[in-house]
Amino acid sequence: MMNFDLPKIPARPEKSREYGLTMVMDKGLSLQETANMIDAGGEYIDLVKLGFGTSLITKNLKEKVKLYQQAGIKVYVGGTCFEAFIVRGMFDDYLRYVSGLGLDTAEVSDGTMEMKHDDKLGYIEALSKDFTVLSEVGSKIEGREITNAQWVGMMDSELKAGAWKVIAEARESGNIGIYQKNGSVNLELVEDIKNAIKLESILWEAPQKSQQTWFIKNFGANVNLGNIATGEVISLETLRLGLRGDTLLQFI
Amino acid sequence: MMNFDLPKIPARPEKSREYGLTMVMDKGLSLQETANMIDAGGEYIDLVKLGFGTSLITKNLKEKVKLYQQAGIKVYVGGTCFEAFIVRGMFDDYLRYVSGLGLDTAEVSDGTMEMKHDDKLGYIEALSKDFTVLSEVGSKIEGREITNAQWVGMMDSELKAGAWKVIAEARESGNIGIYQKNGSVNLELVEDIKNAIKLESILWEAPQKSQQTWFIKNFGANVNLGNIATGEVISLETLRLGLRGDTLLQFI
Amino acid sequence: MMNFDLPKIPARPEKSREYGLTMVMDKGLSLQETANMIDAGGEYIDLVKLGFGTSLITKNLKEKVKLYQQAGIKVYVGGTCFEAFIVRGMFDDYLRYVSGLGLDTAEVSDGTMEMKHDDKLGYIEALSKDFTVLSEVGSKIEGREITNAQWVGMMDSELKAGAWKVIAEARESGNIGIYQKNGSVNLELVEDIKNAIKLESILWEAPQKSQQTWFIKNFGANVNLGNIATGEVISLETLRLGLRGDTLLQFI
């Protein structure tokens, strides 16, 4: 796998894996661009989220889904797409949509709309019968504060309802995500989550390099990270392996 | 067009259209990258600007122009390229250049050089006989302030001189563009423009997501937007259609 | 080379050249993406750095190296990759690695690890027998201050030890690179370097457009610039040629 066998490189589990996950956000790649990304870094990608509602207007969508699945990558439509159906009262149509695409993975979220948490748990439970479910905690709406205890409680109950992993929302404004307005980690919240929830079950959204570095330095090479940009897959893998300046001395 | 027929999605006019325009900035894509972009999002792109002087040093330029035109996209060389000819006193050469490329669209601007406004109107008038003309108002030069009344007056006279659309320059520094230094909208200026000029005739440069969101929320799904990055075409279309967090509840 | 012969465009030396260099950072392009970049702007690229340790985990690496070399581009593995070997006491393995890849160019740096400067000079001397060597001055580690006199002294001795060019590190935090925290140029340091070292021998890392503009305006169209993003090759060339707003009037 490596072009030269260096010692003291952190071990990474083989795909498909339960831990050490990298989730990439695809905001509308063409088929050729999808093939390019898989060619360069497919082995480092576990999950691809078709970001927000892009799947609804992307051409050749079924072919794209196949490209990902053939590369051993779980692909699913973003939580905002789920909410676009739910806010219209169309859960059955959502099921038809994702089944018709041949998807086996789904995301449940309530980041933009109001949803009773019991309803959210119901969706997770229903979907988890046929799909690998990721559920997202954290709001995209400024002003909708969630206490640390609520974060932990929601994550715990969503895992119990059948979610495979819970996603910690990255929204970078106010007290509604795991980062401060300036992009730095909300330390208390992240610690509270880590102390209560099994680390293997959490997928941290970490779009910025400084955020990825923080999680790798503090939680190890195999921490689950998400919302990685399509061009940053190889870069993130070097961070995990101690092959980038920020982590070069981390595993020596 | 959509992969699933959701209700309450704003209607978009068919191409070629007079309103609801998306203008993309191409800073030097290869032919393959051009084909990729068209494949993924060509139906959502109305105009492609070959940014600043990139057209002068891009390889396979005629083939690229053809790719865009065959996809029903108007393509033209950026205003700074126009100015590079004018500042050298070479308007006739500019005409030879763009005609030789088979272009049918042109941009007139004076963002970087000093130009008498009567001369600018003259260029618009001359070009509009053979080309679809976009003219840009707003300066790239810090310190060259333009009052709101001057903005409106120039836009009005340039449309009367034959411009198809007027472009509102995005320059994000001081009082010389439609945004503040921090990227937020210059509300008074934008309101003054909107109150005086037909909205269909204005193309707002809006390179940042927060700017695109502001215009869509305030002026509707079909507001004309420009300087969109090549990788953001699908994302912008989801914003317009209420399929992204920021606008999910906008059209419900 | 230009699609229209404009006067008053700064002359650029032909490749392979000693001055006017553009160095691009490749963070893990696929073969197709590599071909795309070469197709669009290969003639404007002198050097490609396979950023940090990406070369160690990039697929089809030898084919990629060949694509670059066939296009007349010097390609080499980043300084952090060099350090990943050195910090493990594996200089001989480093030699085997880069020789096995068919590389003829190498970078020596100590940006992340502690290295005696005499040792660094030894590596430069040893490598310069078989490779074109770039050596980098400046630290990636916050708190490790280097005085201006030390910068100049190290650059001078590294050139004397056999480096073809010395790279001025861009690290944008504290007093450890050529830029301030906000990205603006550290004027005193850059002047001190310029007054002591032949300009042709310095390659300035300048990832941001404002930094590229500063160097072109102050040191001329043919200043050596590095860490250019893969999508910014054509844009940088227009800046050099006075075909972008920021430099349009620079060479008139």
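About the thresholds
- Residues numbered from 1 in each chain as written.
- Chains lettered and ligands numbered in written order.
- Predicted model: local features only at pLDDT ≥ 70, side-chain atom pairs only at ≥ 80, totals over all residues.
- Heavy atoms only, no water.
- Contact = heavy atoms within 4.5 Å.
- Buried area = accessible area lost by both parts, 1.4 Å probe.
- Salt bridge = Lys/Arg side-chain N within 4 Å of Asp/Glu carboxyl O.
- Buried < 20%, exposed > 50% of the residue type's maximum accessible area, 1.4 Å probe, protein only.
- Helix = DSSP H or I, 4+ residues; strand = E, 2+ residues; numbered from the N terminus.
- Axes fitted to C-alpha atoms, helices over the stretch in contact; angles between N-to-C directions.
- Parallel < 35°, antiparallel > 145°, perpendicular 65-115°, else oblique.
- Left-handed = near helix turned anticlockwise from the far one by under 90°.
- Nonpolar A, V, L, I, M, F, W, Y, C, P; charged D, E, K, R; others polar.
- Least-squares fit on C-alpha atoms with pLDDT ≥ 70 in both.
- Polar contact = N/O pair within 3.5 Å; in protein donor to acceptor, adjacent residues only side chain to side chain.

A.B. asks: So what's going on with the interface of chain A and chain B? Which residues, and what values?
C.D. replies: Accessible area lost when the parts come together is the quantity often used to give the size of an interface. Opposite the 28 residues of chain A that make contact, chain B presents 29 residues. Across the interface of chain A and chain B, roughly 2500 Å² is buried in total on both sides, 62% from carbon and sulfur atoms. Of all residues in chain A, Leu56(A), Ile57(A) and Arg88(A) bury the most surface against chain B, accounting for 29% of the area lost on that side. At the boundary of chain A and chain B, one finds two salt bridges.

A.B. asks: Residues and numbers for helix H8 (residues 209–219) of chain B, please.
C.D. replies: Taken residue by residue, H8(B) has Gln211(B), Gln212(B), Thr213(B), Phe215(B), Ile216(B) and Phe219(B) as its buried positions. In the segment just after H8(B), Gly220(B) is the residue with positive phi, at about 100°.

A.B. asks: Break down the packing of helix H3 (residues 79–86) of chain B against helix H4 (residues 91–100) of chain B for me, with residues and values.
C.D. replies: Residues and elements named next belong to chain B. Closest axis-to-axis distance for the H3/H4 pair is 7 Å, and the angle between their directions is 135°. As judged from the angle between their axes, H3 and H4 are oblique. As for the relative orientation of H3 and H4, their crossing is right-handed in sense. Residue-level contacts link Cys81, Phe82, Phe85 and Ile86 of H3 to Phe91, Asp93, Tyr94 and Tyr97 of H4. Broken down by class, the residue content of the contact of H3 with H4 amounts to seven nonpolar, no polar and one charged.

A.B. asks: Now, about the relation of the copies chain A and chain B: what can you tell me, with residues and values included?
C.D. replies: Superposition of the two copies of the chain requires a rotation about an axis together with a shift along that axis. With an axial shift of 0.0 Å and an RMSD of 0.0 Å, the rotation relating chain A to chain B amounts to 120°. The symmetry that links the two subunits is that of a three-fold axis. Both copies present different contact surfaces, since only 4% of the interface residues of chain A are interface residues in chain B too.

A.B. asks: I'd like a rundown of the environment of Phe215(A), residues and numbers included.
C.D. replies: Residue and element names in this part refer to chain A. Note that phenylalanine 215 resides in helix H8 (residues 209–219). Here phenylalanine 215 falls in the buried class, since its relative accessible area comes to 0%. C-alpha of phenylalanine 215 to C-alpha of arginine 240: the two residues are 25 residues apart in sequence and 9.7 Å apart in space.

A.B. asks: I'd love a proper account of unusual backbone geometry, names of residues and values included.
C.D. replies: Going from Lys15(B) to Ser16(B), the amide bond is cis rather than trans, its omega being -10°. Here Ser16(B) shows up in the segment before strand S1 (22–26). We note that Asn60(A) has phi near 55°; this positive angle belongs to a residue other than glycine. Tracing the backbone through its elements, the reader meets Asn60(A) in the loop between strand S2 (47–50) and helix H2 (61–70).

A.B. asks: Which residues make up the side chain of Thr238(A), and what values go with them?
C.D. replies: Of note, Thr238(A) is situated in helix H9 (residues 233–241). Side-chain polar atoms of Thr238(A) contact the backbone oxygen of Ser235(A), separated by 2.6 Å. Beyond its immediate sequence surroundings of up to four residues, Thr238(A) is in contact with Leu243(A), Arg244(A), Thr247(A), Phe52(C), Gly53(C), Thr54(C) and Ile57(C).

A.B. asks: Could you give me a rundown of the side chain of Asp26(A), with the residues and numbers involved?
C.D. replies: All names here are of chain A. Among the structural elements, aspartate 26 can be located in strand S1 (residues 22–26). According to the relative accessible area criterion, aspartate 26 is buried, its value standing at 1%. A distance of 2.9 Å separates a polar atom in the side chain of aspartate 26 from the backbone nitrogen of leucine 29. The residues touching aspartate 26, leaving out its near neighbours within four places in the chain, are Thr34, Val48, Lys49, Leu50, Gly51, Thr54, Lys64, Tyr68 and Thr230.

A.B. asks: Please set out the relation of the copies chain A and chain C residue by residue, giving values where relevant.
C.D. replies: Of the two same-sequence chains, chain A is brought onto chain C (RMSD 0.0 Å, axial shift 0.0 Å) by a rotation of 120°. An overlap of only 3% is found between the interface residues of chain A and their copies at the interface of chain C, pointing to separate contact surfaces.

A.B. asks: Lay out the pattern of salt bridges in plain terms, naming residues and giving numbers.
C.D. replies: Enumeration over the complete set of coordinates arrives at 36 salt bridges over all chains. Between Lys59(C) and Asp39(A) there is a salt bridge, and its shortest N-O distance comes to 4.0 Å. Of this pair, Lys59(C) sits in the loop between strand S2 (47–50) and helix H2 (61–70) while Asp39(A) sits in helix H1 (residues 31–41), each in a different chain. Using a relative accessible area of 27% as the deciding quantity, one classes Asp39(A) as partly exposed. The closest approach of N and O atoms between Glu237(B) and Arg12(B), which form a salt bridge, is 2.8 Å. Highlighted residues: Glu237(B) in helix H9 (residues 233–240) and Arg12(B) in the segment before S1, separated in sequence by 225 residues. Glu237(B) sits in the buried class, given a relative accessible area of 2%.

A.B. asks: How would you sum up the interface of chain A and chain C? Please name residues and give values.
C.D. replies: Contacts between chain A and chain C engage 29 residues on the former and 28 residues on the latter. For the chain A face of the interface with chain C, the top three residues by lost area are Asn3(A), Phe4(A) and Leu248(A), together amounting to 24%. Applying the counting rule to chain A against chain C returns two salt bridges. Counting across the interface, chain A meets chain C through nine residue pairs in polar contact (both at pLDDT 80 or more). Counting residues per element, the ones that place at least two in the side of chain A that touches chain C are H1 and H9 of chain A. Taken together, the residues of the side of chain A that touches chain C break down into 15 nonpolar, six polar and eight charged.

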